[in-house]
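# Descriptive structure summary
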Amino acid sequence: MKSNHLTLTVSLAVCGAAACVFAIPEGAKPKTVVRTFQKVQLSDQFWCEGASFGDFNKDGVNDIVAGPWWWEGPDYKKKHELYPPNVTFDLSTGPLTKVKVPGYEGGLGKKNTYSNNFFAFPQDFNADGWMDVLIIGFPGKDTSWFENPKGEEKHWSRHEVFRQTDNESPTFTDITGDGKPELVCITRGAYGYASPDWSKPAEPWTWHAISPNKNYGNFTHGMGVGDVNGDKRMDLLEKDGWWEQPESLTGDPEWKFHPVRFASAGGAQMYAYDVNGDGRNDVITSLAAHAFGLAWYEQNGDGTFKQHLIIGQQPSDSPFGVKFSELHAIDLVDMDGDGLKDIVTGKRFWSHGRVGDPDRNDEAVIYWFRLERGQHGVEFVPHRIDNDSGVGTQVVAGDINGDKLPDVVIGNKKGIFVLTQSAKEVAEEEWMAAQPKKLPPAKPAQEIKPTAADGHELNFGFEAGTLQDWQPEGKAFDAPVLKGDAVAARRKDMRSAHKGDWWVGSYEATKTDSVTGTLTSVPFPVTQPYASFLIGGGSSEKTRVEIVNAASGVVLFRATGPDNEAMKRVSIDLRPYAGASIRIRLVDEATTGWGHLNFDDFVFHDGPPAKTEPVPSALTAK
């Protein structure tokens, strides 16, 4: 069976170019190598959000699997069906004309739909020597493996092995340390893994919960597997912390949870990796699958973590000016052979269609970020691979063609792509010209105090020593504002990190987590494009700061604390709401541990504020 395909040699302007460079590690002979990627598009139809590779016909050459097909390598011109590709949609080409288009409605259409194929993991399940494929479907649906028919031209037998696979970054990896992979995911509200009986792999797999049922949903974002604490056992990473694997898994014990706010909205695949070479594994994650942000979290000696932003919601957040949204898939692979693992990620094209998500119609880019260690610390240098493919919910990087250079395979709403890497040694001048360039130092964003409609400066830092310009309801904030570091006076291991003299906190003022209530500001106009504020206390959705449209009551932004008394500065992008009237609303609905909220110093900025954690829009679909 033949398929049409498009072959392109990617050549783009650098920093953000397909022409990528690297220097050989210290001590080795210096080389100047430029890396390029050749793109082969196998399909422009939308069948899947993930793809992978493996040798499915035992000819010693890797093939591509994506959606209902696999393509024979090395040229990918002949494809074979795994299961019937029987999905079509109607596309209007005129007032009276419609055509049937194969696949789900994605980039070729106008409406938003989803496929039933989100991840592909090649594996010989029945030990017959032929590579099979595990397919994870839409979140909340089943996971099945498809049995290779051993060279026969027929559909592959489907074996449903797990009924409900939740989380948007499930994986198939060895979490138990027994040398065989398990399906790691959420189901029925709990994190855990499903293990096959390898003597009967087609029978339903056994579920092992590692967490209590905390009502984690089908569409929870962000998850990974890695050894966080260096005990040689794999732990489970999630957006709010990590679950520590116990010494013994006998009896399916509950794993110990370590709360860390890695990503408030949840991102993509997460990794435990020693980024800075200090012997402790750090954590790599995107910050919001449908907004912005990529970061690594440096693990300190006491087990706490410090965020290092790689890219954010503004070009100025990256030393190289790189910005793109919806980092919904990440792979971690040594792309240049220097012994250090690099980040491969990109923009998930039209996650929720043409509307809804930030920068949804920008270029569907894919990058690799080269890890560089130097005297002044760590840097991830961005190299653009392509600007018209992006990622899905899965991106897989590895040596597909056997030349020892990692390539990339993608399936998403733009189609199915293979990006093949080449490396060429060049003259030093060409190498220097191809290196990504850093931005010049940016002018720091200025702070502007909000004012009311009548022009008076609002008491949003509480420096009046009162609740002027605020209205409390309930008991949580119906108390005098706090002066000085009331946290440090109560406990020696934490501080408030407030600004100025005065601030508010629903525990410090009442000395209990049992009271509830709200504190709402007067309405005020949005006069600057950005704002930031300090927030501390609990991470539960029941303790939150809301930015509300004063006219409609719609919540525009929602932020929660870090499970720490020390307030951190977070920022919001108010450009879409220029001139609108908004309110700040502090909400404390919690009554148990960490059931309180600390808040201080809401200010506007005339540009993107530095060293803040961006808060995604509450209006963005999850």
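Our subject in this report is the structure included herewith. (Residues numbered from 1 in each chain as written. Predicted model: local features only at pLDDT ≥ 70, side-chain atom pairs only at ≥ 80, totals over all residues. Heavy atoms only, no water.)

### Considerations on the sheet that holds strand 21 (residues 256-259)
This is how it is decided: For two strands to be treated as a pair, DSSP must find no fewer than two bridges joining them. Helix numbering and strand numbering both begin at the N terminus, where a helix is a DSSP run of H or I of at least 4 residues and a strand a DSSP run of E of at least 2. Axis definition: a line fit to C-alpha positions, over the contact stretch in the case of helices; interaxial angles, taken between N-to-C directions, run 0 to 180 degrees.
Reading across the sheet, the eight strands line up as 21-20-19-18-22-23-24-25 and stay open at both edges, with mixed pairing between neighbours. Either end of the sheet is taken by a strand with one partner, and the two such strands are strand 21 and strand 25 (305-311). Direction aside, neighbouring strands of the sheet carry axes that sit 20° apart on average. Note that strand 18 (residues 223-226) and strand 22 (residues 269-273) share two bridges and pair parallel. Note on strand 22: the bridge partner recorded for Gly 224 is Met 270.

### Overview of the side chain of Ser 144
This is how the line gets drawn: The cut-offs for exposure are 20% and 50% of the maximum accessible area for each residue type, with area from a 1.4 Å probe on protein chains only; residues under the lower value are buried, those over the upper are exposed, and the others partly exposed. Polar contacts, as used here, are pairs of N or O atoms within 3.5 Å; protein pairs need one atom able to donate a hydrogen and one able to accept it. Residues neighboring in sequence count only if both atoms are side-chain atoms. Residue contacts follow a heavy-atom distance rule, with two residues in contact if any of their heavy atoms lie within 4.5 Å.
When you line up the elements, Ser 144 lands in strand 12 (residues 143-147). Given the relative accessible area of 1%, Ser 144 is considered buried. Of the polar contacts made by the side chain of Ser 144, one reaches the side chain of Asp 142; its length is 2.7 Å. Beyond its immediate chain neighbours, meaning those up to four positions away, Ser 144 contacts Val 133, Leu 134, Ile 135, Arg 158, His 159, Glu 160 and Val 161.

### Comments concerning the sheet that holds strand 28 (residues 366-374)
An order of 26-27-28-29 is seen for the four strands of this open sheet, with the pairing classed as antiparallel. Lying at the two open borders of the sheet, with one neighbouring strand each, are strand 26 (330-333) and strand 29 (377-386). Between one strand and the next, the sheet's axes are offset by a mean angle of 25°, whatever the strand orientation. Note that strand 26 and strand 27 (residues 342-346) share four bridges and pair antiparallel. Within strand 27, the residue paired with Val 333 across the bridge is Asp 342.

### Comments concerning the environment of Asp 403
Assignment of secondary structure puts Asp 403 in the loop between strand 30 (395-398) and strand 31 (407-412). Owing to a relative accessible area of 33%, Asp 403 belongs among the partly exposed residues under this scheme.

### What about the pairing of strand 39 (residues 530-537)?
Burial of strand 39 is extensive: eight of the eight residues sit out of reach of the surface. Along strand 39, one buried face is formed by Tyr 530, Ser 532, Leu 534 and Gly 536 and the opposite face, lined by Ala 531, Phe 533, Ile 535 and Gly 537, is buried too. Two strands pair when backbone bridges link them, and strand 39 and strand 42 (residues 564-573) are joined in this way by seven bridges, in the antiparallel orientation. Within the sheet, the bridge partner assigned to Ala 531 lies in strand 42 and is Ile 572. Looking at chain direction, strand 39 and strand 44 (residues 597-605) are connected through seven bridges and run antiparallel. Bridged to Gly 536 within strand 44 is Asn 598.

### Focus: the pattern of salt bridges
Test applied: What makes a salt bridge here is a side-chain nitrogen of Lys or Arg within 4 Å of a carboxyl oxygen of Asp or Glu, nothing more.
Taken as a whole, this structure holds 33 salt bridges when the rule is applied. Close ionic contact of Asp 128 with Lys 150 constitutes a salt bridge, the shortest N to O distance being 3.9 Å. Placement of Asp 128 in the loop between strand 10 (119-123) and strand 11 (132-136) and of Lys 150 in the loop between strand 12 and strand 13 (157-162) is noted, with a sequence separation of 22 residues between them. Classification of Lys 150 by relative accessible area gives partly exposed; the value is 47%. For the salt bridge of Arg 280 with Asp 278, the shortest nitrogen-to-oxygen distance reads 3.1 Å. Linked by salt bridges that have partners in common, Glu 447, Lys 449, Lys 499, Arg 569 and Asp 601 make up one network.

### A short note on unusual backbone geometry
Across the junction of Gly 73 and Pro 74, the peptide omega takes the value 5°, indicating a cis bond. Looking at the element boundaries, Pro 74 is found in the loop between strand 6 (69-71) and strand 7 (79-81). In this structure, Lys 404 is a non-glycine residue whose phi angle is positive, near 70°. Positionally, Lys 404 belongs in the loop between strand 30 and strand 31. The class of Lys 404 is exposed, set by a relative accessible area of 76%.

### Details of the packing of aromatic side chains
What counts here: Each pair of aromatic rings taken from Phe, Tyr and Trp, with Trp reduced to its six-membered ring, is defined by centres within 6.5 Å and is described as stacked if the planes are under 30 degrees apart, edge-to-face if over 60, and tilted in the remaining cases. In this analysis the charged atom, NZ for Lys or CZ for Arg, is taken to sit over a ring once it is within 6 Å of the ring centre and within 35 degrees of the ring normal.
One pass over the structure, following the stated rule, counts 37 aromatic pairs. Through a chain of ring-to-ring contacts, the aromatic side chains of Phe 460, Phe 462, Trp 470, Phe 524, Phe 533, Phe 599, Phe 602 and Phe 604 assemble into a single cluster. Stacked on the ring of Phe 349, the Lys or Arg Lys 414 has its end atom at 4.4 Å from the ring centre.

### Considering the environment of Val 33
In this fold, Val 33 is placed in strand 3 (residues 33-43). With 395 residues separating them in the primary sequence, Val 33 and Glu 428 have C-alpha atoms 9.0 Å apart.

### Section: the nonpolar core
What tends to happen in soluble globular proteins is that the nonpolar side chains get buried as a cluster. Test applied: Working definition of a nonpolar core: buried Ala, Val, Leu, Ile, Met, Phe, Trp, Tyr and Cys residues. They are joined through side-chain atoms within 4.5 Å.
Phe 533, Ile 584, Leu 586, Phe 599 and Phe 602 are the most contacted members of the largest nonpolar core, which totals 33 residues. Mapped onto this core, the elements with two or more residues apiece are strand 39, strand 40 (543-549), strand 41 (555-560), strand 42, strand 43 (581-588) and strand 44. The biggest single contributor to this core is strand 44, with four residues. Beyond its immediate chain neighbours, meaning those up to four positions away, Leu 586 contacts Trp 470, Phe 477, Val 504, Gly 517, Thr 518, Leu 519, Arg 544, Val 545, Leu 597 and Phe 599. Counting 23 residues, the second largest nonpolar core, distinct from the first, contains Ala 268, Leu 294, Ile 311 and Leu 371.

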